Amino acid sequence: MAGCGASCARILLIAFNFVFWLSGVAILGVGIWILADPNLQDYIDVIHTEDEEYFRNAAYLLIAFGAFVFLVGFCGCCGAIRNSKCLLGFYIFFLVLVFAGELAAGILAAVYKDQIIDKFDVQLTDAIKNDYKDNPSSWDVVQKELKCCGGLGPGDYDNSTWQNAQGQNVMIPVSCCKLDGTKVVDQAACQEKTSSYYEQGCKSALEGWVNDHSMILIGVGCGIAALQIFGLVFAICLCRSIDQEKY
C-alpha cells in the first residue's frame, strides 16, 4: 500500500509540475507582453503619475517569477523521480516562497491600482498642460483609440504649453477630432472647438483600462498562487510515502 501511495503521489507531482511549468510560461508571457506591446506603452506613458512605473515593475516581477518557476519545477520533478527527500524539501521551501511572492504581487497590484486612479484628476490635467507639447504621440494614440479629448475634457488644453505655441484659433490637437473612417470630419472646425470633436475626457476610459489590466496582473498572480497549493499537498504526500516505504 505504501508503494502504491508513493507511486500515485509521484505521478501527481510530476503531472502538477508540467502544469506548473505552463503557468511559468503564462507568467513570462504576461510580463513580456506588458514591456513589449507598443500600444500598451502609450497608455502607460499617458498615465504619467509618480507611480507610472507600476506596470513596468509588475512586469519585471512577473518575468522574474516566471523564470524562477522553471527552476522550482525542475527541482520538484527531480525529487519525485529520484525519491529524494532533500530535493523535495527544497521544492516545498521554494514553492512556499513563490506562493508568497505571487500573492504579495497580486495584493500590491490592487493597492497601487487604487492609488493611480485616485490621482487621475490632477495628474492627467497636468500632463496635458505641461507635457503634451514635448511628447504628443502617446496622448494622440490614446485619444484616437478611446475617442476622447484631454484628461477631464477638452478644456485641459486651455492655456497649455502646447496651445500657447499654436496659432490663435487652434484650441485642441487633431487627435481630438472625430473621424469618418480614417479621415477627420472637419479639422478646422474641430481645432477651433466649434464642432466635430470629442467632448468627453479620457479619464473614465483610462480608469477602465487600468482596472482591466490590473485584473490581469492580479488574476495571474493569485490564480497561480492558488494552483501551487496542490503542488505543496502532492510534495508533502510523497515525502510521507517515502518515509512509510522505509518501514
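Residues numbered from 1 in each chain as written. Predicted model: local features only at pLDDT ≥ 70, side-chain atom pairs only at ≥ 80, totals over all residues. Heavy atoms only, no water.

**Student:** Can you walk me through helix α6 (residues 136-146) in this structure?
**Tutor:** In an α-helix, one turn spans 3.6 residues; hence positions three or four apart end up facing the same way. When we look at burial in α6, the residues that qualify are Ser-138, Trp-139, Asp-140, Val-142 and Gln-143. Positioned one or two residues after α6, Lys-147 has a phi angle of 55°, which is positive. (Buried < 20%, exposed > 50% of the residue type's maximum accessible area, 1.4 Å probe, protein only. Helix = DSSP H or I, 4+ residues; strand = E, 2+ residues; numbered from the N terminus.)

**Student:** Looking at this structure, I do not really get the state of the cysteines. What am I missing?
**Tutor:** Any covalent bond linking the sulfur atoms of two cysteines counts as a disulfide. Considering all chains together, one arrives at three disulfides under this definition. Note on cysteine connectivity: Cys-148 is disulfide-linked to Cys-202, with sulfurs 1.9 Å apart. Disulfide Cys-148 to Cys-202: torsion about the S-S bond roughly 95°, handedness right-handed. Residue Cys-148 is found in the loop between α6 and α7 (161-164), and its partner Cys-202 is found in the loop between α8 (187-191) and α9 (203-245); the two are separated by 54 residues along the sequence. Residue Cys-148 shares its accessibility class with Cys-202, and that shared class is buried. Within the protein, bonded cysteines paired by disulfides and numbered along the sequence follow the pattern 1-6, 2-3, 4-5. (Disulfide = S-S within 2.5 Å.)

**Student:** Just checking my understanding: could you explain the packing of helix α2 (residues 38-47) against α6 for this structure?
**Tutor:** A pair of packed helices can be characterised by two numbers: the angle between their axes and the separation between those axes. Relative orientation of the contacting elements α2 and α6 amounts to 105°, with a least axis distance of 8 Å. When the axes of α2 and α6 are compared, the pair comes out roughly perpendicular. Of α6, the residues touching α2 (which contributes Asn-39, Asp-42, Tyr-43, Asp-45 and Val-46) are Ser-138, Trp-139, Val-141, Val-142, Glu-145 and Leu-146. Among the residues making up the contact of α2 with α6, the classes are represented as six nonpolar, two polar and three charged. (Axes fitted to C-alpha atoms, helices over the stretch in contact; angles between N-to-C directions. Parallel < 35°, antiparallel > 145°, perpendicular 65-115°, else oblique. Contact = heavy atoms within 4.5 Å. Nonpolar A, V, L, I, M, F, W, Y, C, P; charged D, E, K, R; others polar.)

**Student:** Hey, could you run me through the side chain of Ser-138 in this one?
**Tutor:** Position of Ser-138 among the secondary structure elements: in helix α6. Classification of Ser-138 by relative accessible area gives buried; the value is 3%.

**Student:** Sorry, what's going on with the environment of Leu-12 here?
**Tutor:** Its place among the elements puts Leu-12 in helix α1 (residues 2-36). Accessibility expressed as a relative area gives 36% for Leu-12, which makes it partly exposed. Spatially, the C-alpha atoms of Leu-12 and Leu-238 are 9.3 Å apart, while their sequence positions differ by 226 residues.

**Student:** Explain the UniProt feature "transmembrane region" (unreviewed entry) in the protein to me, please; I cannot follow it from the model alone.
**Tutor:** Mapped onto the present numbering, the UniProt feature "transmembrane region" (unreviewed entry) falls on residues 12-36, 58-81, 88-112 and 216-239. Here residues 58-81 is 100% helix and 0% strand, with 34 Å between the C-alpha atoms at its ends. (UniProt positions renumbered as here; feature names shortened; annotations may be inferred.)

**Student:** Mind showing me how you'd approach the pattern of salt bridges here?
**Tutor:** According to the stated counting rule, one finds two salt bridges in the structure shown. Measuring nitrogen to oxygen at the nearest pair gives 3.6 Å for the salt bridge that ties Lys-193 to Asp-158. With Lys-193 in the loop between α8 and α9 and Asp-158 in the loop between α6 and α7, this pair connects stretches of sequence that are 35 residues apart. Owing to a relative accessible area of 23%, Lys-193 belongs among the partly exposed residues under this scheme. Note that Glu-207 and Lys-203 form a salt bridge whose closest N and O atoms lie 4.0 Å from each other. Residue Glu-207 and its partner Lys-203 are located together in helix α9, separated by four residues, close to a single helical turn. Among the residues examined, Glu-207 registers a relative accessible area of 21% and is labelled partly exposed. A residue is classified by how much of its surface remains accessible, and Lys-203, at 24% relative accessible area, is partly exposed. (Salt bridge = Lys/Arg side-chain N within 4 Å of Asp/Glu carboxyl O.)

**Student:** I tried to follow a nonpolar patch on the surface on my own but got confused; where do I start?
**Tutor:** On the surface, Leu-103, Ile-107, Leu-108, Val-111 and Tyr-112 cluster together into a nonpolar patch covering about 410 Å² of accessible area. Residue placement: Tyr-112 occurs in helix α4 (residues 85-118). (Patch = residues over 30% accessible without salt bridge, like charges linked within 9 Å, V, L, I, M, F, W, Y side chains within 5 Å. Areas by Shrake-Rupley, 256 points an atom, 1.4 Å probe, with all protein chains shown as cover.)

**Student:** For this particular structure, what's the right way to read the packing of aromatic side chains?
**Tutor:** Where two aromatic rings form a pair, the distance of their centres and the angle of their planes describe that pair. Enumeration over the complete set of coordinates arrives at six aromatic pairs. On the numbers, 6.3 Å between centres and 20° between planes, the contact of Phe-90 with Phe-94 is stacked. Of this pair, Phe-90 and Phe-94 are both found in helix α4, four residues apart, which corresponds to roughly one turn of the helix. Consider the rings of Tyr-157 and Trp-162, whose centres lie 5.7 Å apart with planes at 70°: the pair is edge-to-face. According to the relative accessible area criterion, Tyr-157 is buried, its value standing at 0%. Each residue in the set Phe-68, Phe-90, Phe-93 and Phe-94 is aromatic and connected to the rest through ring pairs, giving one cluster. (Phe/Tyr/Trp six-rings, centres within 6.5 Å; stacked < 30°, edge-to-face > 60°.)

**Student:** Before we go on, may I ask you to explain the nonpolar core in this structure?
**Tutor:** For soluble globular proteins, nonpolar side chains are generally found buried alongside one another. Formed by 52 residues in total, the largest nonpolar core has its most connected members in Leu-13, Tyr-91, Trp-139, Tyr-157 and Leu-206. Sorting the residues of this core by element identifies α1, α2, α3 (54-82), α4, α5 (120-131), α6 and α9 as the ones contributing at least two each. A total of eight residues in this core trace back to one element, the largest contributor, which is α9. Contact partners of Leu-13, with chain neighbours within four places excluded, come to Gly-76, Ala-80, Leu-88, Tyr-91, Gly-231, Phe-234, Ala-235 and Leu-238. (Core = buried A, V, L, I, M, F, W, Y, C linked by side-chain atoms within 4.5 Å.)

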